Amino acid sequence: MVKKIILLGATGSIGVQTADIIREHPYEFSLIGFSAGKNMNITRKLIAEFEPEIVCVQQSEDAKMLKAEYPAVSFVAGADGLIEIAVRDADIMVNAVLGSVGLEPTLEAIKLGRTIAIANKETLVTAGHLVMDSARQYGAVILPVDSEHSALFQALNGEKKEQASRLILTASGGSFRDLTRDQLKNVTVQDALNHPNWSMGSKITIDSATMVNKGLEVIEAHILFDFAYADIDVVLHRESIIHSMVEFHDTSVMAQLGTPDMRVPIQYALSYPDRLPRQQAKRLNLAEIGKLNFQEMDYKRFRALQLAFDAGIAGGTMTAVLNAANEQAVALFLNEEIKFLQIEEIIERAMDQHEVLANPDLETILHVDAETRKSVKNMLK
Ligand code: NDP
Ligand code: MG
């Protein structure tokens, strides 16, 4: 049976690679609807190729313009449009939008018991407890797309969770892993966008350079697999070949390996529990790689990772503050309005100023998210 796919964030880095997987397996998957932001160039190409039933774009003017060009397709727009498309009847909803805009559409799809492949880590960091509680309540399956979480998911396959003792996330270290804190003072946006191993969207590439990305992933792992923060470790692994590991009580460790290619975890989330061949993909050649390196994480050097652990342990609304302050700070850095190290300073200040509210509901989270963004803007005045 062909699985019907709805793809949120189709024009982004994960979105385009998800389209690659759907294209490679036309007898397995069919793209029946997708959302885009403002990139009309890729939107047009995807419509022409996949002939979806429905498309959501960020701005209503774009929806009107596209309707004139493709009268057979339904077009919706904005935040309401994103929800409308997320709840469309489908087998899998892939959430590959950027930032906390992915939260409400995901919660609505969960209410219908949909299977959700989630790349959008900001949604889990902001409101992970709501996502997971409601997935349990409505019987929705949440499948990880992020490479580390896909690795953990695969390493836990067929195991009893109670017999696992530790999650070990690997971190490449990002663009600046060999620089000292002093050398970080004057790095530019261009330097930061140059990731050694992965080609990704610009926000997550900056997050990798600050190590916020690994911090968000630690929180994401806590949410998805229900491990205490004390049982989640991060190890620096420059080559990004081992994507993460699970340690069991008998000290045995299961690792998942592969070339750094996001299409592998994307495909696994779509084909789960099956595995499909990948014709054009590069296979792992360990003899060619020769050597894998590991190094202890330095939490003073990578301060943002420590802040993420602190936010996770504080719990409640604090992870939403971490995420919103970071989203705002990264946008300012990309716009060259602040320096690189100010990103973590802003996060730390936003967290210091915040009084944690335990077990927040959606309204509280959205309020805290908006307030945090406002307070970051005020910090610069
Ligand atoms: P991109 O910036 O490349 O793409 C983001 C997508 O979301 C685009 O389709 C964009 O539209 C859309 N979008 C952005 N803002 C809005 C908005 N306000 N309303 C509606 N749509 C919007 O991001 P990535 O693909 O890199 O990342 C997506 C998510 O996946 C993130 O949460 C990231 O952390 C996570 N992730 C990414 C990985 C990667 O390799 N890239 C790896 C693991 C996780 P448009 O471009 O048309 O404006
Ligand atoms: Mg990752």
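Residues numbered from 1 in each chain as written. Chains lettered and ligands numbered in written order. Predicted model: local features only at pLDDT ≥ 70, side-chain atom pairs only at ≥ 80, totals over all residues. Heavy atoms only, no water.

- As named in an unreviewed UniProt entry, the protein is 1-deoxy-D-xylulose 5-phosphate reductoisomerase, taken from Planococcus antarcticus DSM 14505.
- Under Sequence similarities (unreviewed entry), UniProt gives the following word-for-word description of the protein: "Belongs to the DXR family." (UniProt positions renumbered as here; feature names shortened; annotations may be inferred.)

Structural notes on the UniProt feature "binding site: 1-deoxy-D-xylulose 5-phosphate" (unreviewed entry) in the protein
- Per the UniProt record, the feature "binding site: 1-deoxy-D-xylulose 5-phosphate" (unreviewed entry) sits at Lys121, Ser147, Glu148, Ser172, His195, Ser208, Asn213, Lys214 and Glu217.
- Along the chain, the position of serine 147 falls in helix α7 (residues 147–156).
- Sequence-distant contacts of serine 147, that is, excluding residues within four places in its chain, are made with Trp198, His243, Met262 and Pro265.
- A polar contact of 3.1 Å, which involves the side chain of serine 147, links it to the side chain of glutamate 148.
- Note on placement: serine 172 falls in the loop between β8 (164–171) and α8 (181–184).
- Judged by its relative accessible area of 10%, serine 172 is buried.
- Ignoring any residue separated from it by four or fewer positions in sequence, one finds serine 172 in contact with Arg177, His195, Asn197, Leu236, His237, Arg238 and Ser240.
- For serine 172, the side chain forms a polar contact with the main-chain nitrogen of glycine 174, separated by 3.2 Å. (Helix = DSSP H or I, 4+ residues; strand = E, 2+ residues; numbered from the N terminus. Contact = heavy atoms within 4.5 Å. Polar contact = N/O pair within 3.5 Å; in protein donor to acceptor, adjacent residues only side chain to side chain. Buried < 20%, exposed > 50% of the residue type's maximum accessible area, 1.4 Å probe, protein only.)

Structural notes on the packing of aromatic side chains
- Under the defined criterion, the tally for this structure stands at seven aromatic pairs.
- Taken together, a centroid distance of 5.1 Å and an interplanar angle of 55° make the contact between phenylalanine 153 and tyrosine 272 tilted. Remark: tyrosine 272 occurs in the loop between α12 (263–271) and α13 (286–289) and phenylalanine 153 occurs in helix α7; sequence separation between them is 119 residues.
- Residue phenylalanine 153 is classed as buried on the basis of its relative accessible area of 17%.
- Seen in terms of ring centroids, phenylalanine 176 and phenylalanine 340 are 5.0 Å apart; in terms of plane orientation they differ by 90°. Their pairing is edge-to-face. Here the residue phenylalanine 176 occupies a position in the loop between β8 and α8, and phenylalanine 340 occupies one in helix α16 (residues 340–353), the gap between them amounting to 164 residues.
- Note on phenylalanine 176: relative accessible area 3%, which makes it buried.
- Following the ring pairs from residue to residue traces out a cluster consisting of Phe153, Tyr268 and Tyr272. (Phe/Tyr/Trp six-rings, centres within 6.5 Å; stacked < 30°, edge-to-face > 60°.)

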